[in-house]
Amino acid sequence: MSAQEIDENLRLKDLDYLLLRESPLANDDFEPGEEIKEVLTTQAKVLVIGAGGLGCELLKNLALSGFRDISVIDMDTIDVTNLNRQFLFRMKDVGRHKSEVAAEFIMKRCPGVKVTPYKDRIQSFDEYFYQDFHIIIAGLDNIDARRWMNAQLHSMVEFDEDGNPDPATLKPFIDGGTEGFKGQARVIIPFMSSCFDCTIGTLPRQHTYPMCTIAETPRLPEHCIQYALVIEWEKAFPGKQLNKDSPEDMKWIFEKAAERAETFKISGVTYMLTMGVVKNIIPAIASTNAIISAACVNEALKVATYCSKVLDNNMMYMGQTGIFGHTFSYEKNEDCLVCSRKPQRKEISKSKTLKELIEELKEDPRFALKGPSVSGSRGILYMPKPPSLEEKHRHKLDMTLKELIEKELMDHNDTLSLTDPVIATELKIILELTE
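Note that the coordinates shown come from a computational prediction; the quantities given were computed from them, not determined experimentally.

Colleague: How should the overall build of the chain be read in this particular structure?
Modeller: Helices and strands together make up the secondary structure of the chain, namely 15 helices and 13 strands. When its C-alpha atoms are laid out on the principal axes, the chain stretches across 75 × 65 × 40 Å. Burial analysis of the chain (435 residues in total) assigns 47% to the buried set. Looking at the chain alone, contacts between residues at least 24 apart form 63% of all its contacts between residues at least 6 apart. Carbon and sulfur atoms make up 51% of the accessible area of the chain, which amounts to about 22400 Å² in all. Distance from the positive charge centre (53 side chains) to the negative charge centre (67 side chains) of the chain: 5 Å.

Colleague: What should I look at first to understand helix α12 (residues 286–305) in this one?
Modeller: The α-helix winds at 3.6 residues per turn, so residues separated by three or four positions along the chain end up facing the same way. Helix length check: α12, at 20 residues, gives a terminal C-alpha distance of 28 Å against a target of 28 Å (1.5 Å per residue), a fit within 8%. Across the 20 residues that make up α12, a large majority, 14, are buried. Tyrosine 306, located one to two residues past α12, shows a positive phi value of around 65°.

Colleague: Please explain the pattern of salt bridges as it appears in this structure.
Modeller: Between side chains of opposite charge, a pair can form when the charged atoms approach closely. The full count for this structure, using the stated rule, is 24 salt bridges. Among the ionic pairs, aspartate 364 bridges to arginine 366, the shortest N-O distance being 3.1 Å. On the accessibility criterion, aspartate 364 (14% relative accessible area) is buried. Where salt bridges share partners, they join Lys346, Lys352, Glu360, Asp364 and Arg366 into one cluster.

Colleague: Explain a nonpolar patch on the surface here, please?
Modeller: Where nonpolar side chains cluster on the molecular surface, the patch consists of Val80, Met91 and Val94 and spans about 260 Å² of accessible area. Along the chain, valine 80 falls in the loop between β2 (69–73) and α5 (98–109). The exposure class assigned to valine 80 is partly exposed, which follows from its relative accessible area of 43%.

Colleague: How should the packing of helix α9 (residues 221–236) against helix α11 (residues 271–279) be read in this particular structure?
Modeller: Packed helices, taken two at a time, are described by the angle their axes make and the gap between the axes. Orientation of α9 relative to α11, taken along the N-to-C sense of each, is 65°, at an axis distance of 10 Å. Here α9 runs over α11; the crossing is right-handed. Residue-level inspection shows Pro221, Glu222, Ile225, Gln226 and Leu229 of α9 in contact with α11, the latter providing Leu273, Thr274, Val277 and Val278. In terms of residue class, the contact of α9 with α11 is built from six nonpolar, two polar and one charged.

Calculation rules
Residues numbered from 1 in each chain as written. Predicted model: local features only at pLDDT ≥ 70, side-chain atom pairs only at ≥ 80, totals over all residues. Heavy atoms only, no water. Helix = DSSP H or I, 4+ residues; strand = E, 2+ residues; numbered from the N terminus. Buried < 20%, exposed > 50% of the residue type's maximum accessible area, 1.4 Å probe, protein only. Contact = heavy atoms within 4.5 Å. Areas by Shrake-Rupley, 256 points an atom, 1.4 Å probe, with all protein chains shown as cover. Lys, Arg positive; Asp, Glu negative; His and termini not counted. Charge placed at Lys NZ, Arg CZ, Asp CG, Glu CD. Expected span 1.5 Å × (residues − 1). Salt bridge = Lys/Arg side-chain N within 4 Å of Asp/Glu carboxyl O. Patch = residues over 30% accessible without salt bridge, like charges linked within 9 Å, V, L, I, M, F, W, Y side chains within 5 Å. Axes fitted to C-alpha atoms, helices over the stretch in contact; angles between N-to-C directions. Left-handed = near helix turned anticlockwise from the far one by under 90°. Nonpolar A, V, L, I, M, F, W, Y, C, P; charged D, E, K, R; others polar.

This is the structure we're talking about:
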């Protein structure tokens, strides 16, 4: 037996206690033995989305838990500020892609484990890519990406003639998230449990600041940073989009914010706070990442081997005043945009313009859309992208729904088809027009 095989056997020795003997806590389908261990180590394919603070922990735990075929997606590059908690990276790695460095580190440290890195946005991969995995674990830092991934996995499910989901097309989605001393781990089985969009209304809205305060009477360091971001940047670089992952761009914002803070005698503008405001970052705590990662990988191990019952379906960790974990089941939303499989209804006055309808769809917590493209039974009503199509349909934005009907651009109580950056599938909304 080679030194590598001996090292791996020692690393996975504790798995034998779980997988080679019976347990009263195991799932009904669990059959202990070498066969189930082989399934874990040679067949299970796991995709990790995100290689940041939570993602580093996830990759390490998966490799040490017997998973040998792991892929990781992260388009970000390593910044020096990541090094205090993202332990797979070193100073020499600054500027390189997180997914590549993380993969190299895990494979070097855990011989026999294959980690495949990807550097693109999750939206750039099609359903055939995601179908190749048995489990998807998200260590994401934003809601939009979670919503897109949730919708994508639901769109891949096939149904039999009785309307029941085909188990072979179900991809378990394990979602982990941390916010300071708080965190959560959640298991989503498409169409079997509640999905991410079922509970979109429970999420707090991102904090915004009035423009008049930012521009005229700043009182907080955040006001100065927002001024540099929203006003100063556009003045200095008209038409250029800020690269939030560029140290040069972030340094520029920080310096301009510091100048404005000095003018108004406001203290507290730091580079870390600047990154937090610009990227909407909540300070990350390594111990919280470790706890939530352990919970997520524990669920992945249960899903892959049936060695215990899977979480139903949410675990909250609250460490701000002690150590407290609470497990509960999110109920399915029968009117969910993603998993209800039925069109939503939207009541609106005929006197409202198409632009007002789109704004209401963005503000309505049931939908929480970002920039929807809208089509009716008579064709496209509006598309924000590409610029050529946006210009072609822009004139309809100021038309009332009544005018659109009169000009035969849409029908009365039309069924609208929507696509949006945060939803991977097409949505159907039935308009209920009032006078």
